[in-house]
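Working through the structure, step by step
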Amino acid sequence: MKQQYFCVVDTETTIDNKVIDFAAVIVDRRGKIYDSIAVIVKDLELSTLWYNEKTGFFNAANLERRIKNYNTIILLSILKSRTIQELY
């Protein structure tokens, strides 16, 4: 049987629907990971992260913590950080 691969993509958006980060994982049908990437778009303002006024992790009260986490990730270079021009 021919090997099948799947690309699973996740994004985080700003309140004006711009992608601020994305991640992708290449897996096979059994879930074996072959490759992955995660990128933060560094020329967008973190203060514009999407949030929901009321619910869960993405609520407005958690916004400051999420921005702090992003800044830590960028500072420690845990994810690749690219400008929009570098992505295109």
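Reference entry: report on the structure contained in this document. (Residues numbered from 1 in each chain as written. Predicted model: local features only at pLDDT ≥ 70, side-chain atom pairs only at ≥ 80, totals over all residues. Heavy atoms only, no water.)

1. Here we look at the pairing of strand β3 (residues 33-41)
With seven bridges connecting them, strand β2 (residues 19-28) and β3 associate as antiparallel partners. In the sheet register, alanine 24 faces β3, and the bridge partner there is isoleucine 37. Between β2 and β3, which pair antiparallel in sequence order, lie four residues; one of them, glycine 31, sits at a positive phi of approximately 95 degrees. (Pairing = 2+ DSSP bridges. Helix = DSSP H or I, 4+ residues; strand = E, 2+ residues; numbered from the N terminus.)

2. As for unusual backbone geometry
Notably, asparagine 17 is not glycine yet its phi reads approximately 65 degrees, a positive angle. Within the element layout of this structure, asparagine 17 appears in the loop between β1 (5-13) and β2. Classification of asparagine 17 as exposed rests on a relative accessible area of 64%. (Buried < 20%, exposed > 50% of the residue type's maximum accessible area, 1.4 Å probe, protein only.)

3. Brief notes about the pattern of salt bridges
Scanning the model with the defined rule gives two salt bridges in all. In this structure, arginine 66 engages glutamate 12 in a salt bridge whose closest nitrogen and oxygen atoms are separated by 2.1 Å. Of the two residues, arginine 66 is situated in helix α1 (residues 63-76) and glutamate 12 in strand β1; the sequence distance between them amounts to 54 residues. Per residue, the accessibility class of arginine 66 equals that of glutamate 12, and both read buried. (Salt bridge = Lys/Arg side-chain N within 4 Å of Asp/Glu carboxyl O.)

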